[in-house]
Amino acid sequence: MSVLVNKDSKIIVQGFTGSEGTFHAEQMIEYGTNIVGGVTPGKGGQEHLGKPVFNTVSEAVEKVGADTTIIFVPPAFAADAIMEAADAGIKVIITITEGIPVADMVKANNYIKNKGCRLVGPNCPGVITPEEAKVGIMPGFVFKKGGVGIVSKSGTLTYEASDQVVRQGLGISTAIGIGGDPIIGTTTKEALELLVNDPETTCVVMIGEIGGQLEAEAARWYKESGSDKPVVGFIAGETAPAGRTMGHAGAIVGGSDDTAQAKKRIMSECGIHVVDSPAEIGVKVKEVVS
């Protein structure tokens with residue numbers, strides 16, 4: 001029972017024939033991901049990378065039964081691509097595109113609310129269930145199958161955490177990169193909830209950063225859930241100056257609760273095993289699961 005994506009997911013690529021879409025689709029196919037086709041308006045009926053190209057998402061749903069999409073559409077058109085996927089009945093919408101205007105994302109987020117789908121991203125590295133499906137831009141070789149779930153705002157730290165967990169002789173159930181934009185689909189709390197409720201996940205690594213309230217909300221949910229599944233937490237950006245955006249558009253300290261220190265304190269109070277450096281993640285996971 002993997003989270004969000006698995007070997008049976010029927011995945012399409014929106015922006016399939018573009019350079020980004022092509023490059024990453026090739027890597028996903030090579031990994032063994034079940035890519036059933038792609039969408040590029042105006043290029044329907046062609047073949048690309050040995051897969052059919054459709055003009056619309058609804059056509060891909062109708063012809064090949066697509067239920068998951070990954071979006072590599074330029075920022076100006078990406079919100080429309082998200083809404084189109086939701087309209088067509090796609091269940092999991094993973095959006096890699098960076099730089100989507102905030103106003104567009106507010107509109108798209110509201111639009112898809114009651115469509116029965118889940119948006120991951122935008123500006124995220126995607127989702128990987130090792131040895132089953134890599135739906136994103138992660139380096140697949142870093143991830144080995146196992147019982148540790150990862151939720152992270154940072155792409156790089158997702159790979160780092162996985163590498164450390166694997167070095168400890170453990171593996172990953174599903175890693176979810178939620179993205180670092182101010183408006184995202186799946187929050188830290190929602191991703192944590194998916195992993196805590198997943199019977200195959202025995203421990204969760206939660207990687208956050210300064211700015212916003214996502215980690216505090218997740219930590220409070222975890223405490224209230226009463227779960228005995230261990231969670232290891234890390235917050236990036238401890239040395240960032242207040243009021244300045246660092247790396248991610250959402251990583252800006254607005255108030256006293258947005259700082260790394262405050263988030264770490266809240267997480268600790270809620271029973272999360274907090275580490276001070278990403279270099280300690282693997283060792284701490286090994287410690288809490290053994």
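Look a little higher up for the structure.
Quick look at the structure, then.

Conventions we followed
- Residues numbered from 1 in each chain as written.
- Predicted model: local features only at pLDDT ≥ 70, side-chain atom pairs only at ≥ 80, totals over all residues.
- Heavy atoms only, no water.
- Pairing = 2+ DSSP bridges.
- Helix = DSSP H or I, 4+ residues; strand = E, 2+ residues; numbered from the N terminus.
- Contact = heavy atoms within 4.5 Å.
- Axes fitted to C-alpha atoms, helices over the stretch in contact; angles between N-to-C directions.
- Buried < 20%, exposed > 50% of the residue type's maximum accessible area, 1.4 Å probe, protein only.
- Right-handed = clockwise from strand over helix to strand, strands pointing away.
- Arc of directions from axis to C-beta.

1. A word on the sheet that holds strand β4 (residues 51-54)
Item 1. The sheet built from 7 strands is open, its strands ordered β3-β4-β2-β1-β5-β6-β7 with mixed pairing. Each of the sheet's edge strands pairs with one partner strand only, and the pair in question is β3 (47-48) and β7 (118-120).
Item 2. The sheet contacts of helix α1 (residues 19-31) involve β1 (11-14), β2 (35-39), β3, β4 and β5 (68-71), and relative to β1 the element is tilted by about 165°.
Item 3. Sitting on the sheet, helix α2 (residues 57-64) touches β1, β2 and β4, and the angle it makes with β4 is about 140°.

2. Some points on the pairing of strand β6 (residues 92-95)
Item 1. The alternating pattern of β6 places V92 and I94 and I93 and T95 on opposite faces, both of which are buried.
Item 2. Once the chain exits β5 it traverses helix α3 (residues 75-87) before rejoining the sheet at β6, and the crossover so formed is right-handed.
Item 3. The pairing of β6 with β7 spans 3 bridges and is classified as parallel. Within the sheet, the bridge partner assigned to I93 lies in β7 and is L119.
Item 4. Each parallel crossover has a hand, and the one from β6 via helix α4 (residues 102-112) to β7 is right-handed.

3. Describing the sheet that holds strand β12 (residues 203-209)
Item 1. Across the sheet, which stays open at both edges, the 7 strands sit in the order β9-β8-β11-β10-β12-β13-β14 with mixed pairing between neighbours. Of all the strands in the sheet, just β9 (133-136) and β14 (273-274) have a single pairing partner and so form its edges.
Item 2. Sheet topology note: the strand β8 (residues 126-129)/strand β11 (residues 172-177) ladder contains 3 bridges and is antiparallel. In the sheet register, I128 faces β11, and the bridge partner there is A175.
Item 3. Contacts between α1 and the sheet are confined to β8 and β9, with β9 contributing the most and set at about 170° to the helix.
Item 4. Against the sheet, helix α5 (residues 155-167) makes contact with β10 (145-152), β11, β12 and β13 (231-236), and its axis sits at roughly 155° relative to β10, the strand it touches most.

4. Quick word on α4
Item 1. Those residues of α4 that sit buried are M105, A108, N109 and I112. Projected onto a plane normal to the axis of α4, the buried residues spread over an arc of 100° and lie on a single side. Across from the buried face of α4, at angles greater than 90 degrees, the exposed residues are A103 and K107.
Item 2. Buried residues along α4 sit against α3 and β7.

5. Brief notes about the side chain of T187
Item 1. Note that T187 resides in the loop between β11 and α6 (188-196).
Item 2. Judged by its relative accessible area of 18%, T187 is buried.
Item 3. What T187 contacts, discounting residues up to four positions off in sequence, is I178 and L214.

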